[in-house]
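Observations on chain architecture
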Amino acid sequence: MKLHKLNIFSGTAAAALLLSLSACTGEFDKWNLDPSNATEAQRQVDNQAVGSPFSTMELGVMAVGNNRGGSFQICDILPGGQFGGYFANIKSSYGVGALHFSHYVLPDGWVNEPFVYAYTDVMQNWNTIKKESEKEGSDKNSFALATIVKVFGMSRLTDMYGPVPYTQFGTGATYVSYDSQETIYNSFFKELDEAISVLVSYNESNRNAKLLADFDRVFGGDVARWLNFANTLRLRLALRVAYANEGLAKQEAQKSIDLGRFMVQKEDAAIIKFTTGKNPFYEVTVDWGDLHESASIDSYMNGYNDPRISKYFTPRDGGCFGVRLGLTNINQTAYMNTTSPANVGEYDGVNWMTAAEGYFLRAEAKLRWDMGAESVQDLYEQGIRISFNERGATGVEAYIADDYSTPADFVDHSGKGDDASALSNITIAWNEADNFETQLERIITQKWIAIFPDGQEAWSEFRRTGYPKLFPTMNDNSGLNLKNLQIRRLRFPTSEYENNTANVNAAVSLLGGADNAKTQLWWDKKKH
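Residues numbered from 1 in each chain as written. Predicted model: local features only at pLDDT ≥ 70, side-chain atom pairs only at ≥ 80, totals over all residues. Heavy atoms only, no water.

1. A short note on the overall build of the protein chain
- Regarding its fold elements, the protein chain presents 20 helices and 4 strands.
- Its C-alpha radius of gyration of 22 Å places the protein chain within 12% of the 24 Å reference for a compact globule of 528 residues.
- Dimensions of the protein chain along its principal axes, counting C-alpha atoms only, are 65 × 55 × 45 Å.
- By residue count, 61% of the 528 residues in the protein chain fall in the buried class.
- Residue pairs at least 24 apart in sequence account for 75% of intrachain contacts in the protein chain once pairs closer than 6 positions are excluded.
- As displayed, the protein chain offers around 18,900 Å² of accessible surface, 47% of which is attributable to carbon and sulfur atoms.
- A distance of 2 Å separates the average location of the 49 positive side-chain charges in the protein chain from that of its 64 negative side-chain charges. (Helix = DSSP H or I, 4+ residues; strand = E, 2+ residues; numbered from the N terminus. Rg over C-alpha atoms; globule rule 2.2 N^0.38 Å. Buried < 20%, exposed > 50% of the residue type's maximum accessible area, 1.4 Å probe, protein only. Contact = heavy atoms within 4.5 Å. Areas by Shrake-Rupley, 256 points an atom, 1.4 Å probe, with all protein chains shown as cover. Lys, Arg positive; Asp, Glu negative; His and termini not counted. Charge placed at Lys NZ, Arg CZ, Asp CG, Glu CD.)

Okay, structure coming up:
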């Protein structure tokens, strides 16, 4: 695995960051994020003052771009990709040793890394755009776009750790305090309301006009598509809190349903594109061969004879085969030849959110609260159809009608004998006579398949709902007995204990438990 060196800093701040992989959140607003030292006049040319930080924000959400494969691996595939059931490690050892996320062990450097991108790329650049928006005659619409990106990026971070610094960031405090996750989610909803309202007004009076078109790597400045994304994101976050605060969840979900703007077709998918650097899934799974298909997704997709499996993974020895999470004493070469890497183009963009997800979110809102005019079955089946279309797969109608296929027992094609019995017997075809929990499992299972390879979201939904049923690690070295519960969060960064001591210690009290992988997040309230 290659380590990425951040290059957006200059001077001593950069040196400090590279030494520690993170730094005190209280110092973020003091760091120099303009190494070219451009004058104010130069920064205003072609909207560089807002456009450049906006573009950096987008890249920072998932740590993508030139020379960021190693950071993406630590921030995304090694935690969410594994804990969400998509990938499993086949590399014998990393710089942190042979025991790590795959074994529910949380190395210092790895738990620090997501903070680097969340605060240096996302939050700091959002704060820069916020300051620009406060100037007389400034563009409030671009700030609304930036706020949507901020909410999206920070929702991923808080869903890793729980409490994080958020509402007090950029206020000038030397050391930034943490917010409870409940406070953060309330802020998310308020910010999305405001951003959506601004952009709806802009879109109504500026049809076909674009914002930050030269800098927006996701939608090319298309405001209508940003609105569809923001409203779909609001519904995602609303459902996330359904077991913690159902009243809030219903209120925010209803806003999304009432607005009626969703990602509904292949072309609506949010995909971040970059002009330099390889697709990180290609780098990690193909170039380096560090992680391959997991046993969990093997069990579901092979059991269902799902035509999308060869779109997701590259076949090996006649099929797409996975590997159990938590291997030890690994012979990487043997797994390279018998298990499947991601089937992705070297320079493809990275999915932020699929259009299919919007249908499954609406299906769950209808199932829970009878929201919207369309039936649960129609939304569920349309989600599958759009997913097949997004992936270029055929045979969707036969798949939707399949009422007998179930997840398969996992067979270890490496020859090591790490076979495992299937954990679920959920079928594909909708059955109106099934009870709520069975119907929910069916929706979440198909959503999980459709949103591949977004492991962070898959892990969050697994923790929220218990679905799909995923194989736990083979070797739990956490010391916390997580085999049945599985890993629930990352602990706070070591760098925060060193540099933001009082605030991170106060944050532990907001968790409702110890700062370890067993403590469940605020929204993780369902009894599994």
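2. Some details on the pattern of salt bridges
- All chains considered together, the criterion is met by 32 salt bridges.
- One salt bridge connects Arg240 with Asp159, and the closest N-O pair in it is separated by 3.1 Å. Placement of the pair is Arg240 in helix H8 (residues 223–240) and Asp159 in helix H6 (residues 140–161), with a sequence separation of 81 residues. This pair shows no difference in class: Arg240 is buried, exactly as Asp159 is.
- Between Glu357 and Arg236 there is a salt bridge, and its shortest N-O distance comes to 2.8 Å. Separated by 121 residues along the polypeptide, Glu357 in helix H14 (residues 355–369) and Arg236 in helix H8 bring together distant segments of the chain. One exposure class covers both Glu357 and Arg236, and it is buried. (Salt bridge = Lys/Arg side-chain N within 4 Å of Asp/Glu carboxyl O.)

3. Thoughts on the packing of aromatic side chains
- Scanning the entire structure with this criterion turns up 37 aromatic pairs.
- Aromatic side chains Tyr178 and Phe492 sit 5.3 Å apart centroid to centroid with 75° between the ring planes, which places their arrangement in the edge-to-face category. Pair noted here: Tyr178 is in the loop between H6 and helix H7 (181–205) and Phe492 is in the loop between helix H18 (455–465) and helix H19 (494–499), with a separation of 314 residues, a long-range link. Per residue, the accessibility class of Tyr178 equals that of Phe492, and both read buried.
- In this structure an aromatic cluster arises from ring pairing among Phe72, Tyr86, Phe87, Phe281, Tyr300, Tyr304, Tyr312, Phe313, Phe388, Tyr399, Trp448 and Phe452.
- Residue placement shows Arg240 over the ring face of Trp523; its charged tip is 5.6 Å from the ring centre.
- If you follow Arg489 out to its NZ or CZ, it ends over the ring of Phe492, 4.9 Å from the centre. (Phe/Tyr/Trp six-rings, centres within 6.5 Å; stacked < 30°, edge-to-face > 60°. Lys NZ or Arg CZ within 6 Å of the ring centre and 35° of its normal.)

4. Here we look at helix H3 (residues 48–61)
- Here H3 spans 20 Å end to end across 14 residues, near enough to the 20 Å set by a 1.5 Å rise per residue.
- Of all 14 residues in H3, 11 are buried, a share of seventy percent or more.
- Of all the residues in H3, the buried ones are Ala49, Val50, Gly51, Pro53, Phe54, Ser55, Met57, Glu58, Leu59, Gly60 and Val61.
- In the segment just after H3, Ala63 is the residue with positive phi, at about 55°. (Expected span 1.5 Å × (residues − 1).)

5. Comments concerning the nonpolar core
- Within the largest apolar cluster, 141 residues are counted, with the highest numbers of intra-cluster contacts made by Trp226, Phe229 and Trp352.
- Among the elements that take part in this core, H6 stands out by supplying 12 residues, more than any other. (Core = buried A, V, L, I, M, F, W, Y, C linked by side-chain atoms within 4.5 Å.)

6. Re the confidence of the model for the protein chain
- Per-chain confidence: the protein chain averages 90 in pLDDT, with 91% of residues scoring 70 or above.
- When the criterion is pLDDT under 50, residues 1–46 qualifies, and its contacts beyond four places in sequence or with other chains add up to 99 contacts. (pLDDT = per-residue confidence, 0-100.)

7. Points about the packing of H3 against helix H5 (residues 108–133)
- As a packed pair, H3 and H5 sit with axes 8 Å apart at the nearest point and diverge in direction by 155°. With respect to H5, the axis of H3 lies roughly antiparallel. When the axes of H3 and H5 are compared, the crossing they make is left-handed. Contact residues: Ala49, Val50, Pro53, Phe54, Thr56, Met57, Gly60 and Val61 in H3; Tyr117, Asp121, Val122, Asn125, Trp126, Thr128, Ile129 and Glu132 in H5.
- When the residues that make up the contact of H3 with H5 are grouped by side-chain class, the tally is 10 nonpolar, 4 polar and 2 charged. (Axes fitted to C-alpha atoms, helices over the stretch in contact; angles between N-to-C directions. Parallel < 35°, antiparallel > 145°, perpendicular 65-115°, else oblique. Left-handed = near helix turned anticlockwise from the far one by under 90°. Nonpolar A, V, L, I, M, F, W, Y, C, P; charged D, E, K, R; others polar.)

8. A closer look at the side chain of Gln439
- Relative to the helices and strands, Gln439 is located in helix H17 (residues 436–450).
- Residue contacts for Gln439: discarding those within four places in its chain leaves Leu367, Trp430, Asn431, Glu432 and Asp434.

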